[in-house]
Amino acid sequence: AQSVTQPDIHITVSEGASLELRCNYSYGATPYLFWYVQSPGQGLQLLLKYFSGDTLVQGIKGFEAEFKRSQSSFNLRKPSVHWSDAAEYFCAAVPEDTGRRALTFGSGTRLQVQP
Amino acid sequence: IAGITQAPTSQILAAGRRMTLRCTQDMRHNAMYWYRQDLGLGLRLIHYSNTAGTTGKGEVPDGYSVSRANTDDFPLTLASAVPSQTSVYFCASSAGVYNEQFFGPGTRLTVL
């Protein structure tokens, strides 16, 4: 079945440290990939997206993600985390070959930032 | 300000009651979606609409219905609410096939 997996439920990093959030997908063909962030009590905001082309994608708030076809992964990274980055992060995908355009989400990774 | 609005913000509902969650967007997006968010499960698609006048079932459609009479509105109806429908509901919209989806602020629904 087509799915998106985020193996880490909860991650804690120190402010200023680097961050990598993992995302793996299981699709027959390469899907379109997204990372969203959700602050407590808020809706979801798009951080970045990958459709095709350069496999390193830059997003907002200093985030980037790298698409690796061989590993079916789309990991999110940030070189230096700020306290305001504490939130829940969702990886999502849209299969390329379906008329249903809705996102399939991973279960999310909650990021805690220590001072 | 352009965006998506949802109403109500939160609601406590007795089991067996009928409830409609409202969603309106003013971006003239073709596609709209309803998701539910449950702890540990991420967001799951309930129903979607690729364009006004059409709807489709998502991953968890049972107990829910939608309509899309016009471009802007996409109400979600629970015909007879059950406690398992306690969740946070998000409406979203997008301009085209794989464009960014914009999310509303959510409706927190508790069914007792």
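Residues numbered from 1 in each chain as written. Chains lettered and ligands numbered in written order. Predicted model: local features only at pLDDT ≥ 70, side-chain atom pairs only at ≥ 80, totals over all residues. Heavy atoms only, no water.

**Considerations on the nonpolar core**
Point 1. By size, the foremost hydrophobic cluster in this structure holds 27 residues, and its most contacted members are Leu19, Trp35, Leu47, Leu48, Phe74, Leu76 and Tyr89 of chain A.
Point 2. Looking at this core, the elements that each hand over two or more residues are β2 (10–14), β3 (19–21), β5 (32–38), β6 (44–50), β8 (64–68), β9 (73–78), β10 (87–94) and β12 (109–114) of chain A. (Core = buried A, V, L, I, M, F, W, Y, C linked by side-chain atoms within 4.5 Å. Buried < 20%, exposed > 50% of the residue type's maximum accessible area, 1.4 Å probe, protein only. Helix = DSSP H or I, 4+ residues; strand = E, 2+ residues; numbered from the N terminus.)

**Topic: the interface of chain A and chain B**
Point 1. On the side of chain B, 22 residues touch chain A, which itself brings 24 residues to the contact.
Point 2. Carbon and sulfur atoms supply 58% of the area buried between chain A and chain B, which totals about 1800 Å² over both sides.
Point 3. Our count for the chain A to chain B interface comes out at zero salt bridges.
Point 4. Remark: the boundary between chain A and chain B carries three residue pairs in polar contact (both at pLDDT 80 or more).
Point 5. Of all the secondary structure elements, the ones that give two or more residues to the side of chain A that touches chain B are β5, β6 and β10 of chain A.
Point 6. Here the residues of the side of chain A that touches chain B are counted per class, giving twelve nonpolar, seven polar and five charged. (Contact = heavy atoms within 4.5 Å. Buried area = accessible area lost by both parts, 1.4 Å probe. Salt bridge = Lys/Arg side-chain N within 4 Å of Asp/Glu carboxyl O. Polar contact = N/O pair within 3.5 Å; in protein donor to acceptor, adjacent residues only side chain to side chain. Nonpolar A, V, L, I, M, F, W, Y, C, P; charged D, E, K, R; others polar.)

**Examining unusual backbone geometry**
Point 1. Look at the link from Ala7 of chain B to Pro8 of chain B: it is a cis peptide, with omega at -5°.
Point 2. The phi dihedral of Lys61 of chain A is positive, around 60°, even though this residue is not glycine.
Point 3. Inspection of the secondary structure puts Lys61 of chain A in the loop between β7 (56–58) and β8.
Point 4. Although it is not a glycine, Arg28 of chain B sits at a positive phi angle of roughly 60°.
Point 5. Looking at where Arg28 of chain B falls in the secondary structure, it is placed in the loop between β3 (19–25) and β4 (31–38).

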